[in-house]
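# Overview (structure and organization)
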Amino acid sequence: MVRSEELYDAILNGDAKKAHAVTQATLAAGAVPMDLITGTMVPAMDEVGRLFETEEYFVPELLLAGRAMKSAMELLRPLMATSGEKLSTRVVIGTVKGDMHDIGKNLVASMLEGSGFEVFDLGADVSPDKFVAAVEQHTPQVVCLSALLTVTMPAMKTTIDVLKAAGLRTRVKILIGGAPVTGQYAKEIGADGYSESASGAVSLVRQIVAGA
Amino acid sequence: MSAEKVRIQLEPSGLIVEVPRGASLTPPLSLHGIEFPCGGTGLCGACRVRVLTGSLTITEQDGLLFSAEELSIGWRLACQARAEAPLVLECEQWHMDILADNSVLSGRGKNGLGIAIDLGTTTIAAQLVDLATGSVLGVETDLNAQAPIGSDVMSRIRATLAGADLATVVRAVLRPMIAKLARGREQEIVEVVLVGNTVMHHLFSALDVGPLSCAPFHSPNLGEQRFSAEELGWPLPASCRIRFVHCLGGFVGSDILAGILAVGMPTSEEMLALVDLGTNGEVAIGNRHGILCASTAAGPAFEAASIRMGMRASTGAISRVSLLHGEMRATVIGDAGPRGICGSGLVDAVAVGLETGAILASGRIANGAKLFPVDGPVALYQADIRELQLAKAAIAAGFRLLLKGRGTNADNLKRIHLAGAFGNYIQAESAIGIGLLEFPKQRIVPSGNTALHGAKMLLLAVHEPALPRIEHVSLAADPDFQDEFVNCMNFSAREYIV
C-alpha cells in the first residue's frame with residue numbers, strides 16, 4: 001500500500017498543480033497506480049467528505065479537491081488501461097431532463113471518482129434516452145440521477161420508467177439525489193436509494209456494490 | 001391526555017403553529033414573536049390578524065375595533081380568537097413596508113386617469129395617476145393572496161400545475177384595491193398597466209405555466225396580454241384598456257422592463273445596471289445601444305428566510321450591524337430586545353465578521369467555532385453564512401457574465417441601480433464587503449420600486465417608448481456561469497474599490 005502524504009495534502013488543499021506533479025514523481029519512483037488510488041486518493045476524498053459534513057469545507061473547497069484528484073487521475077488512467085488494471089465499479093451520473101443544475105451533481109461525481117469508482121458524467125438536462133444509451137455502452141452497476149427543482153423531479157421517474165421499458169432496469173441500481181428529493185420519493189418512483197449528501201452517496205454506492 | 005390540535009399557518013413568514021382546538025391563540029403566537037401590547041385584553045388592536053383561509057368567529061371586541069368592511073375581509077384580534085379549524089392568518093405586525101414610488105413624473109398630453117400596478121410575488125403596489133399631469137392621486141398596497149400557496153414562484157407553478165386557480169385568486173385581491181383607488185371616479189379611468197415577473201404575468205393572465213417549470217424555460221406566451229374589465233370582474237368601464245406588459249424572458253418579466261425604463265437605460269449613452277436582489281435575482285446591463293438581462297437563483301437568504309434565526313424586518317429584528325471602535329454594534333427594530341436577524345442585518349453581520357477576522361475568507365467561522373454571536377441571543381450558524389455565500393455568488397456571477405457578454409467591465413458601469421425594498425435597506429458598504437456588489441460605493445444607487453415607476457411611465461406615454469435591443473441570457477445553460485458561481489463563492493474573491 002502506497003500512501004503519499006504529499007498527494008493526500010495536495011488533494012485536501014485543492015492544489016491541482018501539486019497533485020499532478022506529486023503523482024508524476026511518485027509514479028516515476030515506481031508506485032503502482034491502483035495502490036495510489038486505494039492508499040492515498042480514496043482516504044483523501046473520504047477526509048474531504050468528512051470536512052464537508054462537519055461544515056469545515058464548502059462547495060468551492062469540495063470542487064477544488066475534486067479538480068486536484070482529477071489531475072492525478074489523468075496520469076493514472078492511461079497507465080491502468082495499458083496494465084489491464086480496472087476499476088471494478090462503474091457509475092453513470094447525470095442531472096435529469098429539464099434541469100440545468102450541475103453543481104450538486106458535479107460534487108457527487110467527483111466524490112465518487114475520488115473514491116475509486118469509474119464515473120461517466122452525462123452532464124445536465126440529460127434525456128432518458130441518453131441514460132439508456134449510456135447504460136448500454138458503459139454497463140454500469142449504478143446510475144445516479146440528480147434534480148434540484150421540485151418541478152423537474154418527475155423526470156427522475158420518467159427516466160426510471162424508460163430504463164425499465166428498455167429492459168435495463170434489473171441490470172443497474174438507481175440512486176437519486178438533489179435538494180428537494182427525499183427517501184420517501186425514492187421509494188415512490190422505484191429508485192433503489194437516496195442520499196442527502198455527496199459523501200453519503202459514496203457510502204451508498206459502496207453498500208450497494210458490496211451487497212450486489 | 002393531549003387535546004386535539006389545530007394547525008395555523010402564519011403569513012407572511014409561513015410559520016406553522018399548532019394549538020389545542022378551542023384554545024386561545026395568545027400563548028402560541030406570542031411564543032413566535034407576535035406582541036400583545038395591552039396584554040391580550042382586546043383593547044389596543046395591535047395583534048390584528050387577517051383570516052386568509054378558514055374562519056374565525058367575530059367577537060364583541062372585534063366588532064368594537066374593526067369596521068364592517070374590515071370584518072368582511074377577515075380582520076380579527078388574535079388575542080380574542082379561538083381556533084376551531086385549520087387557519088391561514090396574515091399577521092399585521094409582520095406586515096412589510098410595501099414600497100410604492102414617490103418619483104415625480106409629468107403628463108405627456110393624455111387625459112383621464114390611469115392605474116399602474118406592480119404585481120410582485122409577495123407584495124402588490126398600485127397607484128392612481130392623473131394622466132394629464134402625471135400626479136399620483138392614490139396608493140394601495142397589499143400582500144399577494146397567492147402567498148399561502150407558497151412564497152416563491154416555483155411553488156406557485158407547482159400548485160397551478162396541480163390544478164390550483166391562482167388567476168382568480170390574484171384578480172380577486174386586486175379588485176378591492178382598484179375599487180378603493182377608483183372610488184367615485186371609475187368612469188374616468190381609461191387605462192390600467194400591470195407589470196410583474198414572468199410567472200406573475202402568466203398566472204394573472206391564466207396562461208400555461210408548464211413551459212416555465214423546466215429547462216429551457218421558453219414560454220410561447222411572453223407577449224403583452226390585454227383584458228376587459230368585465231372578464232377580470234373589476235369595477236371599471238368597458239372602454240378601459242387593461243394590459244399586462246410583455247416579459248423579457250423565462251424569468252425576466254415586465255417588472256424588469258419597467259425598471260429599465262425607470263432608470264433611463266434605453267436612452268442613456270453611458271452603461272448602466274439594474275439589479276433586483278430577491279429569491280430570483282435579476283440583473284440588466286446596458287445603454288441605448290443594447291441591453292442584456294438575466295435571472296439568477298439567489299435563494300431566500302436575502303429575505304433571511306433560510307437563516308436559522310432569520311426573520312422579517314419587524315420588531316426585534318437586527319437590521320443593522322456596524323463596527324464601532326472595534327466593537328460590534330447591532331441595531332434592533334422597535335423598542336425590543338434582539339430575537340432574530342433580517343436580510344440587511346445578515347449582510348452587515350457577515351461584512352463585520354470578515355473585517356474583524358471572526359469569519360474567514362472561505363466563509364468558515366474562525367477557530368472552528370460553530371456560532372458567530374451577533375447580539376444577545378442572536379447568532380449566525382455556519383450554515384447561515386453558507387446560504388449567504390450561495391446567494392451573493394449567484395448575483396456576483398450573474399453580473400460578471402453579463403458584463404463579459406456586453407463586452408465591457410465593471411469600471412465602465414456608471415451607475416448600479418438597486419431595485420426593490422431590500423435594495424433600499426441594504427448597506428452598500430456591507431454589500432461590497434461580502435462581494436455581493438463588486439463596484440465602488442458612490443456608483444451604487446438605491447432606486448426604490450422601479451417596476452411601479454416604469455409602469456407609470458408606460459401609462460403616461462402617448463406612444464410605446466422606443467427600446468434598444470434587449471437580449472435575455474440564460475445563465476443556467478452557460479457552463480461559464482457554473483465556474484464563475486464557484487469563483488464568487490469565497491469572500492476572498494472580491495476585487496472592489498470602496
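These numbers were taken from a predicted model, which means no experiment stands behind them.

What counts and how
- Residues numbered from 1 in each chain as written.
- Chains lettered and ligands numbered in written order.
- Predicted model: local features only at pLDDT ≥ 70, side-chain atom pairs only at ≥ 80, totals over all residues.
- Heavy atoms only, no water.
- Helix = DSSP H or I, 4+ residues; strand = E, 2+ residues; numbered from the N terminus.
- Rg over C-alpha atoms; globule rule 2.2 N^0.38 Å.
- Buried < 20%, exposed > 50% of the residue type's maximum accessible area, 1.4 Å probe, protein only.
- Contact = heavy atoms within 4.5 Å.
- Pairing = 2+ DSSP bridges.
- Axes fitted to C-alpha atoms, helices over the stretch in contact; angles between N-to-C directions.
- Parallel < 35°, antiparallel > 145°, perpendicular 65-115°, else oblique.
- Left-handed = near helix turned anticlockwise from the far one by under 90°.
- Domains from an automatic or database assignment.
- Buried area = accessible area lost by both parts, 1.4 Å probe.
- Salt bridge = Lys/Arg side-chain N within 4 Å of Asp/Glu carboxyl O.
- Polar contact = N/O pair within 3.5 Å; in protein donor to acceptor, adjacent residues only side chain to side chain.
- Nonpolar A, V, L, I, M, F, W, Y, C, P; charged D, E, K, R; others polar.

Another point: the overall build of chain B. In terms of helices and strands, chain B carries 14 helices and 22 strands. Against the compact-globule benchmark of 23 Å for 498 residues, chain B has a radius of gyration of 23 Å, which places it among compact chains. Taking the principal axes of the C-alpha coordinates as reference, chain B spans close to 65 × 65 × 40 Å. Residues counted as buried form 55% of the 498 residues belonging to chain B. Long-range pairs, those at least 24 residues apart, make up 66% of the contacts in chain B between residues at least 6 apart in sequence.

A separate point is the sheet that holds strand β9 (residues 189–196) of chain B. Residue and element names in this part refer to chain B. Taking strand neighbours across the sheet as the criterion, the six strands line up as β8-β7-β6-β9-β11-β10 in an open arrangement whose pairing is mixed. Each of the sheet's edge strands pairs with one partner strand only, and the pair in question is β8 (136–143) and β10 (225–227). Direction aside, the axes of adjacent strands within the sheet are offset by 15° on average. Contacting β6 (113–119), β7 (123–130), β8, β9 and β10, helix α5 (residues 166–182) crosses the sheet at an angle of about 150° to β8. Helix-sheet contacts for helix α13 (residues 450–460) involve β6, β7, β8, β9 and β11 (241–244), and the interaxial angle to β6 is about 150°.

All names here are of chain A. Where helix α5 (residues 103–114) meets helix α9 (residues 198–211), the closest approach of the two axes is 8 Å, and the angle between their N-to-C directions is 45°. Taken together, α5 and α9 sit at an angle that is classed as oblique. Both α5 and α9 take part in a crossing whose hand is right-handed. Touching Leu 107, Val 108, Met 111 and Leu 112 of α5 are Ala 198, Ser 199, Ala 201, Val 202 and Val 205, all from α9.

A separate point is the domain arrangement of chain A. Residues and elements named next belong to chain A. When its domains are assigned, chain A resolves into domain 1 (5–83) and domain 2 (90–211). Placing the centre of domain 1 and that of domain 2 at their C-alpha centroids yields a distance of 24 Å. The partner domain 2 presents twelve residues to the 15 residues of domain 1 that form the contact. Summed over both partners, the interface of domain 1 with domain 2 comes to about 1200 Å²; 67% of that surface belongs to carbon and sulfur atoms. Taken together, the links from domain 1 to domain 2 amount to two salt bridges. Close ionic contact of Arg 77 with Glu 113 constitutes a salt bridge, the shortest N to O distance being 2.5 Å. Scanning the region where domain 1 abuts domain 2 turns up four residue pairs in polar contact (both at pLDDT 80 or more). Every element with two or more residues in the side of domain 1 that touches domain 2 is listed here: α3 (33–53) and α4 (59–83). Per element, the largest residue contribution to the side of domain 1 that touches domain 2 is eight residues, and it comes from α3. The residue inventory of the side of domain 1 that touches domain 2, partitioned by class, reads nine nonpolar, two polar and four charged.

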